[in-house]
Amino acid sequence: MKAMTIHAYGDPDVFRLEDLPLPSPAPGEVLVRVRALSVNPVDTKWRRKGPFGAFPVVLGWDVSGTVEALGDGVSAFEIGDAVFGMVRFPSEGRAYAQYVAAPASHLHRVPTSLGFRDAAAMTLAALTAQQGLTAMRLQAGQTVLIHAAAGGVGHFAVQLAKLRGARVIGTASTRNHDFVRSLGADEVIDYRARPFEEQVERVDAVFDCVGGETQTRSFAVLEPGGTLVTIVGKPSQELAASRGVTAIGFLVHPSNEDLAFLAARVDAAELRPHVSEVLSLEKMADAHRAVESGRTVGKIVLDVE
Ligand SMILES: NC(=O)c1ccc[n+]([C@@H]2O[C@H](COP(=O)([O-])OP(=O)(O)OC[C@H]3O[C@@H](n4cnc5c(N)ncnc54)[C@H](OP(=O)(O)O)[C@@H]3O)[C@@H](O)[C@H]2O)c1
């Protein structure tokens, strides 16, 4: 099978398209014929510096495709099922390929109303949004500020926070304001024009998809008793204590229960992935360059023939 491999960590030009043996599913796994993939910032970070050891490394966690073979003990799927999921994260995913063997527990059936491209887009980023809002315990009627609302995670977080009945304020560049509003955001702030903390009243919660200074400055906009959830780095517990708020940093985990929730929301027309660009597997380096720009909207997807 064709796979996009790397033999050294580094810039996007480390990718090589080469032939690798077909993987075989271990007990509890299925073999997926990959139809589409999506790329995340974490793919680019790990392409740059690991942490995997033995080369060739095959990156890739976000996948959709069809079940080609079943490992022992798998009863959840049948051959031919269309499936999607975030496989093996945070271990080496090996999904940048025509076939991937993956735990059945990391996959779910593709929602009937979605194609393979959209399904591949609704994996790591959507799981992060769903799990992050759950960690936040966001309640109906609360106001949440979502940083990077136009991005991969942010565009799902806006929709899912609205589904929880929250009032949503998103940060984005002006060119993305209509897009963020179309997701249901009640207010959109241009964080480039003026510091966001000068543009919002106090909020009950912050969903931080940016980190660094944005994260630190976010403590100033939280009501006492509020909650900051960040997906970038570890938030300062000292700052949180001094402000009387809760700060949570977390890492997404595979969950077919959460995938089932997301799939049901899509079939109910309450949630939609946004794919801004579709490339082919051969164009992986271009996909990584685009994601590394930090300016992409929604998700970038690759077709796999
Ligand atoms: N911990 C976890 O489990 C986890 C899971 C997923 C992702 N992450 C991390 O979370 C971060 C976001 O991931 P992602 O997939 O959403 O990224 P992404 O899709 O690459 O985000 C791109 C978006 O970020 C916006 N942006 C950039 N700088 C901004 C700023 N200072 N303020 C507001 N918006 C800004 C851009 O919007 P504009 O062009 O409108 O400015 C762009 O639309 C990455 O660092 C990623 O590695 C962590």
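For the structure, see preceding data.
Since the structure is predicted, the reported quantities are computational estimates derived from the model, not experimental observations. (Residues numbered from 1 in each chain as written. Predicted model: local features only at pLDDT ≥ 70, side-chain atom pairs only at ≥ 80, totals over all residues. Heavy atoms only, no water.)

Trainee: Would you mind going over the packing of aromatic side chains with me for this structure?
Mentor: The description of an aromatic ring pair uses the distance of the two centres, along with the angle that the planes make with each other. In this structure the tally under the stated criterion is five aromatic pairs. In textbook terms, an aromatic cluster arises when at least three aromatic residues are bridged by ring pairs, as seen for Trp46, Trp61 and Phe89. Directly above the aromatic system of Tyr99 lies the positively charged group of Arg33, at a separation of 5.8 Å from the ring centroid. (Phe/Tyr/Trp six-rings, centres within 6.5 Å; stacked < 30°, edge-to-face > 60°. Lys NZ or Arg CZ within 6 Å of the ring centre and 35° of its normal.)

Trainee: Looking at this structure, how should I read the pattern of salt bridges?
Mentor: Taken as a whole, this structure holds 17 salt bridges when the rule is applied. With a closest N to O distance of 3.0 Å, Arg48 and Glu292 form a salt bridge. Residue Arg48 is located in helix H1 (residues 41-49), and its partner Glu292 is located in helix H9 (residues 284-292); the two are separated by 244 residues in the primary sequence. Classification of Glu292 as partly exposed rests on a relative accessible area of 31%. Residue Asp178 pairs with Arg181 through a salt bridge whose shortest N-O separation is 3.9 Å. Within this pair, Asp178 and its partner Arg181 are both found in helix H5 (residues 177-182), separated by three residues, close to a single helical turn. Classification of Arg181 by relative accessible area gives partly exposed; the value is 42%. Members of the salt-bridge network, linked through shared partners, are Asp11, Arg47, Arg48 and Glu292. (Salt bridge = Lys/Arg side-chain N within 4 Å of Asp/Glu carboxyl O. Helix = DSSP H or I, 4+ residues; strand = E, 2+ residues; numbered from the N terminus. Buried < 20%, exposed > 50% of the residue type's maximum accessible area, 1.4 Å probe, protein only.)

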